[in-house]
Amino acid sequence: MTETTVITVAGETPYDIVVGRGILPLVGDALPETARKVLIVHPPTLAAEAAALREGLTADGTRQVLLAEIPDAESGKRVEVAAFCWQVMGQADFTRTDAVVGFGGGAVTDLAGFVAATWLRGVAVVQVPTTVLGMVDAAVGGKTGINTNEGKNLVGAFWTPTAVICDLAMLDSLSRNERVAGFAEVVKAGFIWYPEILDLIQSDPEAAVDPTTAAFRRCIELAIRMKAQVVGEDLREAGLREVLNYGHTLGHAIEHAERYQWRHGAAVAVGMMFAAELSRLAGRLSDAAAQRHRDILELLGLPTTYRAGAFSQLLATMQRDKKSRGGMLRFIVLDEIGKPTVLQAPDESLLFAAYQEVGE
């Protein structure tokens, strides 16, 4: 176990995010002492690791630990999958003092958090994200949710975890493409909060996405610190937290159009490029800052374009997005890098013009 970094999320129910390598044994310490039954929610790809985690959690003989294997990625974020987890917990007589562990990528931690939030109106959840996206975004902040046929994350609850354990060693076996897809959320943190992330990427893009380097760990920790600060001040997205939606309004629409076959990070990358062009055309962002978006995303191999003829379909989906208020679209845009703001009810012609910059 290497040296750990502890990042505290403030608010009504504070909790710690622990970052390090080889720190999975800390999961047991993070669980409430009252938890005599624990459900580990995991994808098929982590079946062996989940079994090893269960063995560690049951070593002292004080806990019963069950495994719930769920479909990988967005296909796991369905009400039918949540119902399967509820069934397992019900048959094992889980009480309000027991707990859930979300062990996997962002979709798994979203689902596990939702299951914990809804079982007996709320039991403890410890999140153990195993992807870049999970560590810097999905597992941090207390947003949980599942998808419906009408859109992404339209059903959910705010439910803060007891702790988040980010073991960077879990990322070593991921392909570069897997890491880069998740890194879109790290890039977002650079554009809206910590430009140092952008400097690290442009200085050495390969080191920035290599989980064994100091540059990678610095990027991850900065992205986590940004989200911890924002959600600590605004858990329920009443104000500041909305800035985290940078690139997500169009990004979620693309995911829906692609029936979730696109990676979240790829869709958000196009969404950020769109938001940058929208910012530029609205007279807020410089040409150079918009171009920096394209340069950095392309350095990492993330997409910056989408189908030219898809605007009408994407607009219809965006208008149903949960970030809309009273039927009015809201976009997070930039006045400059590191300074996000809200653009409310932009004219459709402006949206169309911005889309032409990312359509291919």
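Residues numbered from 1 in each chain as written. Predicted model: local features only at pLDDT ≥ 70, side-chain atom pairs only at ≥ 80, totals over all residues. Heavy atoms only, no water.

Asks: Teacher, can you tell me more about the overall build of the protein here?
Replies: The secondary structure content of the protein amounts to 14 helices and 11 strands. Here the C-alpha radius of gyration of the protein, 20 Å, is about what a compact globule of 360 residues would show, namely 21 Å. In terms of its C-alpha atoms, the protein occupies a principal-axis envelope of roughly 60 × 40 × 35 Å. Counting the 360 residues in the protein, one finds 57% classified as buried. Considering only contacts within the protein whose residues lie at least 6 apart along the sequence, 73% involve residues at least 24 apart. For the protein, the accessible surface area stands at approximately 14000 Å², while carbon and sulfur atoms represent 50% of it. (Helix = DSSP H or I, 4+ residues; strand = E, 2+ residues; numbered from the N terminus. Rg over C-alpha atoms; globule rule 2.2 N^0.38 Å. Buried < 20%, exposed > 50% of the residue type's maximum accessible area, 1.4 Å probe, protein only. Contact = heavy atoms within 4.5 Å. Areas by Shrake-Rupley, 256 points an atom, 1.4 Å probe, with all protein chains shown as cover.)

Asks: It is not clear to me how helix 14 (residues 348–356) should be interpreted in this structure. Could you clarify?
Replies: Given 3.6 residues per helical turn, the α-helix brings residues three or four places apart onto the same face. Within helix 14 the residues assigned to the buried category are Leu351, Ala354 and Tyr355. Within helix 14, the buried residues cover an arc of 100 degrees as seen down the axis, which keeps them to one side. Against helix 11 (264–281), helix 13 (311–319) and strand 10 (330–336) lie the buried residues of helix 14. (Arc of directions from axis to C-beta.)

Asks: Is there a simple way to explain the environment of Glu348 in this structure?
Replies: The topology assignment puts Glu348 in helix 14. Along the sequence, Glu348 and Gly61 sit 287 residues apart, while their C-alpha atoms lie 62 Å from each other. Those residues in contact with Glu348 that sit more than four places away from it in its chain are Phe311 and Leu315.

Asks: Would you mind showing me how to read the pairing of strand 9 (residues 163–167) here?
Replies: Consecutive residues of a regular strand have side chains that alternate between opposite faces of the sheet. With 5 of its 5 residues buried, strand 9 lies for the most part within the structure. Going residue by residue along strand 9, you find Ala163, Ile165 and Asp167 tucked away on one face and Val164 and Cys166 tucked away on the opposite face as well. Bridging between strand 2 (residues 15–20) and strand 9 involves 5 bridges; their strand directions are parallel. When the bridges of strand 9 are listed, Ile17 appears paired with Val164. Inspection of the sheet shows strand 6 (residues 124–129) paired to strand 9 by 2 bridges, in the parallel sense. Residue pairing across strands places Gln127 opposite Val164, the latter belonging to strand 9. (Pairing = 2+ DSSP bridges.)

Asks: Could you clarify how one ought to interpret the layout of surface pockets in this entry?
Replies: Estimates place the volume of the second largest pocket at around 240 Å³. Around the second largest pocket, the lining is made up of 14 residues, and of these Gly11, Glu12, Thr13, Thr160 and Leu235 lie nearest the centre. The biggest single contributor to the lining of the second largest pocket is helix 9 (residues 214–233), with 3 residues. (1 Å grid on protein atoms, 1.4 Å probe; cavity = no way out; pocket = protein on both sides within 12 Å on 5 of 7 lines; lining within 4 Å. Points joined across faces, edges and corners; volume = space filled by probe spheres on them.)

Asks: It is not clear to me how the environment of Val243 should be interpreted in this structure. Could you clarify?
Replies: Here Val243 shows up in the loop between helix 9 and helix 10 (248–257). Relative accessible area serves as the criterion here: at 9%, Val243 is assigned to the buried category.

Asks: How do you make sense of the packing of helix 3 (residues 79–91) against helix 4 (residues 106–118) when you look at a structure like this?
Replies: The geometry of a pair of packed helices is captured by two quantities: the angle between their axes and the separation between those axes. In contact at an axis separation of 10 Å, helix 3 and helix 4 are set at 50 degrees when each is read in the N-to-C sense. Considering the angle they form, helix 3 stands oblique to helix 4. In this structure, helix 3 crosses over helix 4, and the sense of that crossing is right-handed. Judged by residue contacts, Val81, Ala82, Cys85, Trp86 and Met89 of helix 3 engage Leu111, Phe114, Val115 and Thr118 from helix 4. Broken down by class, the residue content of the contact of helix 3 with helix 4 amounts to 8 nonpolar, 1 polar and no charged. (Axes fitted to C-alpha atoms, helices over the stretch in contact; angles between N-to-C directions. Parallel < 35°, antiparallel > 145°, perpendicular 65-115°, else oblique. Left-handed = near helix turned anticlockwise from the far one by under 90°. Nonpolar A, V, L, I, M, F, W, Y, C, P; charged D, E, K, R; others polar.)

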